[in-house]
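Tertiary structure, described
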Amino acid sequence: MPPSSDRSLPTSRGAALRRLATEGTFAIPGAPIALAAKIIEREGFEAIYLSGAAFSAGILGVPDIGLLTLEQLVAQTKLLASAVEIPLVVDADTGFGGPESVAECVRRLEEAGAAAIQLEDQRRPKRCGHLPGKEIVEPEEMCEKIAAARAARRDPATVIIGRSDARGVTDLDDCVARLHAYRDAGADWLFPEALASRAEFQTVGREFAGTPLVANMTEFGVSPLLTLDELSRFGFTAVLYPVTLLRLAMKAIEAGLGLIADEGSQEGLLDLMQSREELYDLLGYDPKQPEKHLPATH
């Protein structure tokens, strides 16, 4: 099916994301669930991220090795995109196959509400970008995927992000060369994964001045945890915090379960909990008027 020129799509969140990229460096927290997406938006953040690692672990309970399906990713994209009005960046891993599969992936994720779609140059089965033992495809193969992604999008404002994992497999020079090729193939934004030092972030920033760059500030990885101000000075545009909220939530769950096991009650945890009123406020729910939340009938 050829790409459509239909511009009668819902308000373009891709265009909103591109505008953000012209205004300075901004944070994109990962939203493990729709409720987290809502609080990210309420706290003033301007975009959310659907992390493959957080989705694999937090929703599916499996490691980040490419086990999730396109159907599952599309479903989660719809849930998150419908929960908020701010743009959603979706981690599509390797695109679920060759160029034809990538094209289908882009069409379906875009239809589900993705403002940006991220593709990486790992070979399946993939691994977390901050682990050793990864394998990467030839640059030409990745360029074909990026070209297919660009051709498949219906909205020209939908952002195609080209990520290279070469730094953790070969070296920084290979990563930079690949990113040049991916930009030439049509990637709108570039994502150098697992840079190992401040100097490497500076080098990449200088090399691609004027091109939006994505930094991954995941915890417990190989990259230093830099501030937004530092990354702005180095020339990066979008800063991902892909698993931060999931890690915080899981540690809180562990502590809560421990207290219940020790004390036989959750009463000592009440001050740490989101109250019923706070939940309803976040959901925009008035229990006195529940009919406002029922689907319309015809």
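Use the structure listed above.
Residues numbered from 1 in each chain as written. Predicted model: local features only at pLDDT ≥ 70, side-chain atom pairs only at ≥ 80, totals over all residues. Heavy atoms only, no water.

Some thoughts on the pairing of strand S5 (residues 159-164)
Burial analysis of S5 places 6 of its 6 residues in the buried class, the great majority of the element. Residue alternation in S5 divides its side chains into two sets, Val 159, Ile 161 and Arg 163 and Ile 160, Gly 162 and Ser 164, and both sets are buried. As paired elements, strand S4 (residues 116-120) and S5 share 5 bridges and run parallel to each other. Bridge assignment links Ala 116 to a residue of S5, and that residue is Val 159. As for the winding sense of the linkage, the β-α-β connection from S4 through helix H6 (residues 139-152) to S5 is right-handed. In this sheet, strand S6 (residues 189-192) lies alongside S5 in parallel orientation, the contact comprising 4 bridges. Each residue of the ladder has a partner; that of Ser 164, found in S6, is Pro 192. With helix H7 (residues 172-185) bridging S5 and its parallel neighbour S6, the resulting β-α-β unit is right-handed. (Buried < 20%, exposed > 50% of the residue type's maximum accessible area, 1.4 Å probe, protein only. Helix = DSSP H or I, 4+ residues; strand = E, 2+ residues; numbered from the N terminus. Pairing = 2+ DSSP bridges. Right-handed = clockwise from strand over helix to strand, strands pointing away.)

What to know about the nonpolar core
Counting residues in each nonpolar core, the largest one holds 56 residues, and the members touching the most others are Ile 48, Leu 109, Phe 201 and Phe 236. For Phe 236, the residues in contact, after removing those within four places along its chain, are Thr 25, Pro 192, Leu 195, Phe 201, Val 204, Gly 205, Leu 213, Val 214, Ala 215 and Leu 231. Within the second largest apolar cluster, 17 residues are counted, among which are Ala 116, Ile 161, Phe 191 and Val 214. (Core = buried A, V, L, I, M, F, W, Y, C linked by side-chain atoms within 4.5 Å. Contact = heavy atoms within 4.5 Å.)

Remarks on the pairing of strand S8 (residues 238-241)
Here strand S1 (residues 26-29) pairs with S8 via 4 bridges, running parallel. Within S8, the residue paired with Ala 27 across the bridge is Val 239. Relative to S8, strand S7 (residues 214-216) runs parallel, the two being bridged by 3 bridges. Bridge pairing in S8 links Ala 215 to Val 239. Traced from S7 through helix H9 (residues 228-234) to S8, the parallel crossover comes out right-handed.

Brief notes about the environment of Leu 228
Inspection of the secondary structure assignment puts Leu 228 in helix H9. Spatially, the C-alpha atom of Leu 228 lies 30 Å from that of Leu 279, the residues being 51 residues apart in sequence. In contact with Leu 228, not counting residues within four places along its chain, are Thr 25, Phe 26, Ala 27, Val 239 and Tyr 241.

So, the packing of H6 against H7
Closest axis-to-axis distance for the H6/H7 pair is 8 Å, and the angle between their directions is 30°. With respect to H7, the axis of H6 lies roughly parallel. Taken as a pair, H6 and H7 cross one another with a handedness that is right-handed. Taking contact as the criterion, the partners of Pro 139, Met 142, Cys 143, Ile 146 and Ala 147 in H6 are, on H7, Arg 178, Ala 181, Tyr 182 and Ala 185. Residues that form the contact of H6 with H7 fall into these classes: 8 nonpolar, no polar and 1 charged. (Axes fitted to C-alpha atoms, helices over the stretch in contact; angles between N-to-C directions. Parallel < 35°, antiparallel > 145°, perpendicular 65-115°, else oblique. Left-handed = near helix turned anticlockwise from the far one by under 90°. Nonpolar A, V, L, I, M, F, W, Y, C, P; charged D, E, K, R; others polar.)

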